Amino acid sequence: MLKQKHNVLIFIFCFFLPFFMLSGCKTTQKHCYNRVKVRQKKYVPLLQVCAKHNLSWDWDGFAKVVTVKNFNTEVRFCPGSALVSVNGKIYNLSIPIKIQKNSFVVPANFDAFFAKTVKSTESWQKLRKKNTLKRIVIDPGHGGKDPGGIGVKNIYEKNVVLDVSRRLKKVLLKEGIDVILTRDTDIFYSLMQRSVIANQAEADFFVSVHANIARTSSVHGFEVFYLSNEYDNFTKAVKIKDNIVRKIEKQKNYQYSADLNTVIWDMVLAENRIESIEMAKTISLTLKKMLNLKTRYIRGKKFAVLKNTNIPAVLLELGFLSNYNEAAKLSNPYYRQMLAEAIAAGIMRYKHKYELTNGFTI
Ligand SMILES: [Zn+2]
């Protein structure tokens, strides 16, 4: 009886063995990596992950940054850090990427992370959808004890910009954009207070609204400024980078490589600046088209109000209150409404363009 049972077991084993072997082969072809253990953590060779996902890779020895990419995805990381940047967004793998025997090894969860976050079409679509323009902070300049520029016929900049900003808010709300005003009344807020509002709003864009004054009354026209790439902005980018690093440090299992500074700094600056320039250009074009309003300048500027704020931004100078014609126009509620509608149309044009791309960096 016992021997019979034994024979049955041998039969079952022999019968199913080929199936086990077959499934084993399949797994080998598709998923098996040469796993290695580093400090009790499981790793797989980066080259094998690249081969599986059809990725090219590159090592920048100077910046100490590894870039792996395919046609629509760019992943960057620094050996020694658990943080990876996927199309400009930062994720934490919990386990740092390492160099083992002169080659890069990534945590075993990198494969699943890559497949889930990046590779599948569904995730990619979701990633794209994140690049939407849903919430805007509008910052009417000055207010309260700070009148801003005082133009002809005693027209105050703080009043003009508040009224246009309120109108702009109304138009954008109708378009389905969530709008936060840094001030909705004639009140004084310091630049620091405005910066805090912008940070807490977690908005996608910051639009500062001002009006100009010049010594020569003949000077007139609209001006748009975007985040500048000059030395001033270097200081700002460093501050933003420090903020991001601080946030990331709070995540558990944090391991940080100083080299990541370069990556984050570069990313923040590049992405925000490109978006800011694109918004500035689009608003300017729309004003020309709708109101035949010529833009004097589109140029870079240091945004004191945006200290430590990690969002793209433009600053609009609606016109010169020191110019008789422009002061008269900006005193007229009808013109203010037209202006607000044209600016809103520019923002919506930008929104549509932006949402068709994955940001403007690719
Ligand atoms: Zn101003």
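All values reported here derive from a predicted model rather than from experimental measurement.

Reading guide: rules and limits
- Residues numbered from 1 in each chain as written.
- Predicted model: local features only at pLDDT ≥ 70, side-chain atom pairs only at ≥ 80, totals over all residues.
- Heavy atoms only, no water.
- Donors = N, O, S within 2.8 Å, 3.2 Å for Na, K, Ca; no water.
- Buried < 20%, exposed > 50% of the residue type's maximum accessible area, 1.4 Å probe, protein only.
- Pairing = 2+ DSSP bridges.
- Helix = DSSP H or I, 4+ residues; strand = E, 2+ residues; numbered from the N terminus.
- Axes fitted to C-alpha atoms, helices over the stretch in contact; angles between N-to-C directions.
- Contact = heavy atoms within 4.5 Å.
- Expected span 1.5 Å × (residues − 1).
- Polar contact = N/O pair within 3.5 Å; in protein donor to acceptor, adjacent residues only side chain to side chain.
- Phe/Tyr/Trp six-rings, centres within 6.5 Å; stacked < 30°, edge-to-face > 60°.
- Lys NZ or Arg CZ within 6 Å of the ring centre and 35° of its normal.

Caption draft 1: Fine view of the coordination of the zinc ion. Distances from the zinc ion to its protein donors, His142 (NE2), Glu157 (OE) and His210 (ND1), fall within 2.0 to 2.1 Å. Accessibility expressed as a relative area gives 18% for His142, which makes it buried. Glu157 sits in the buried class, given a relative accessible area of 4%.

Caption draft 2: Region of the structure containing the sheet that holds strand E1 (residues 36-38). Across the sheet, 4 strands lie side by side as E1-E2-E9-E8; this open sheet has antiparallel pairing. The sheet is open, and its two edges are formed by E1 and strand E8 (98-100), each paired on a single side. Neighbour-to-neighbour, the strand axes of this sheet turn through a mean angle of 50°, independent of strand direction. When strand E2 (residues 41-45) meets strand E9 (residues 103-107), the two strands line up antiparallel, connected through 3 bridges. Its bridge partner being in E9, Tyr43 is matched across the sheet by Pro107. Where helix H2 (residues 46-53) meets the sheet, its contacts fall on E2 and E9, and the angle it forms with E2 comes to roughly 60°.

Caption draft 3: Structural context of the environment of Glu278. Looking at the element boundaries, Glu278 is found in helix H8 (residues 260-291). Sequence-wise, Glu278 and Val314 are 36 residues apart; in three dimensions their C-alpha atoms are separated by 9.7 Å.

Caption draft 4: Geometry of unusual backbone geometry. With phi around 55°, Lys153 is a residue other than glycine that occupies positive phi space. Of note, Lys153 is situated in the loop between strand E10 (135-140) and helix H5 (157-174). On the basis of relative accessible area, Lys153 is assigned to the exposed category, the value being 70%. Unlike most non-glycine residues, Asn292 shows phi in positive territory, near 55°. With respect to the helices, strands and loops of the structure, Asn292 is situated in the loop between H8 and strand E14 (295-301).

Caption draft 5: Layout of helix H10 (residues 333-356). Under the 1.5 Å per step criterion, the end-to-end length of H10 is 35 Å for 24 residues, consistent within 8% with the ideal 34 Å. Its side-chain oxygen at 2.8 Å from the backbone nitrogen of Tyr334, Asn332 defines the N-terminal cap of H10.

Caption draft 6: The arrangement of the packing of aromatic side chains in detail. According to the stated counting rule, one finds 3 aromatic pairs in the structure shown. The interplanar angle of 80° and the centroid separation of 5.8 Å between the aromatic rings of Trp57 and Phe104 together place this pair among those described as edge-to-face. With Trp57 in strand E3 (residues 56-60) and Phe104 in strand E9, this residue pair connects regions lying 47 residues apart in the sequence. Overall, Trp57 belongs to the partly exposed group, its relative accessible area being 38%. For Phe104, a relative accessible area of 11% puts it in the buried group. Arranged with centres 5.4 Å apart and planes meeting at 80°, the rings of Phe205 and Tyr350 form a pair that is edge-to-face. Residue Phe205 is located in strand E12 (residues 205-212), and its partner Tyr350 is located in helix H10; the two are separated by 145 residues in the primary sequence. In this structure Tyr350 comes out as buried when scored by relative accessible area, which is 0%. One aromatic cluster is present, built from ring pairs that chain together Phe205, Tyr350 and Tyr354. Lying across the ring of Phe188, Lys145 places its NZ or CZ 4.5 Å from the centre.

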